[in-house]
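# Structural overview
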Amino acid sequence: IDTFGELLHEGWMEKKSLGTEISTAAIDSIYDLAKSSGAIGGKLIGAGGGGFLLFFAKPEAQNDIRSSLKGLTEIPFKFEEKGSTIIFKDTKK
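In this report, the structure presented in the accompanying data block is examined. Everything numeric here is computed off the predicted structure, so don't read it as measured data.

## Describing the packing of aromatic side chains
What the rule picks out here adds up to three aromatic pairs. On the basis of an interplanar angle of 80° and a centroid distance of 5.1 Å, the ring pair of Phe-4 and Phe-56 is categorised as edge-to-face. Of the two residues, Phe-4 sits in helix α1 (residues 2-16) while Phe-56 sits in strand β2 (residues 52-56), which places them 52 residues apart along the sequence. According to the relative accessible area criterion, Phe-4 is partly exposed, its value standing at 40%. Take Phe-56: its relative accessible area is 18%, and that puts it in the buried class. The interplanar angle of 40° and the centroid separation of 5.9 Å between the aromatic rings of Tyr-31 and Phe-55 together place this pair among those described as tilted. Residue Tyr-31 is found in helix α2 (residues 25-36), and its partner Phe-55 is found in strand β2; the two are separated by 24 residues along the sequence. Relative accessible area serves as the criterion here: at 23%, Phe-55 is assigned to the partly exposed category. Members of the aromatic cluster, each reached through a chain of ring pairs, are Trp-12, Tyr-31 and Phe-55.

Structural data, given as structure tokens:
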């Protein structure tokens with residue numbers, strides 16, 4: 001299963017190589033900190049101007065990663081059989 005994390009990392013590195021506006025110094029810093037704390041790989045997900053950093057790590061490394069990224073908001077993640085669902089809709093538009 002480590003291969004999944006390694007593929008996430010390789011994909012993120014390839015995406016970043018496409019242009020200077022793919023990432024920022026802040027995102028790179030968070031990513032590097034997570035990697036040095038035990039994440040096998042990760043990627044930026046979401047639309048431009050907002051989104052999330054997704055990290056893949058073995059269970060035994062997750063607390064170290066949480067500690068190193070203290071101050072950031074953790075959003076629990078799990079795979080769903082139904083695929084993605086809308087959990088918030090702005091009805092004021």
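Structure's up, so let's keep going.
## Looking at the environment of Ile-75
Summarising the element assignment, Ile-75 is placed in the segment after α3 (59-68). Along the sequence, Ile-75 and Phe-52 sit 23 residues apart, while their C-alpha atoms lie 8.9 Å from each other.

Calculation criteria
- Residues numbered from 1 in each chain as written.
- Predicted model: local features only at pLDDT ≥ 70, side-chain atom pairs only at ≥ 80, totals over all residues.
- Heavy atoms only, no water.
- Phe/Tyr/Trp six-rings, centres within 6.5 Å; stacked < 30°, edge-to-face > 60°.
- Helix = DSSP H or I, 4+ residues; strand = E, 2+ residues; numbered from the N terminus.
- Buried < 20%, exposed > 50% of the residue type's maximum accessible area, 1.4 Å probe, protein only.

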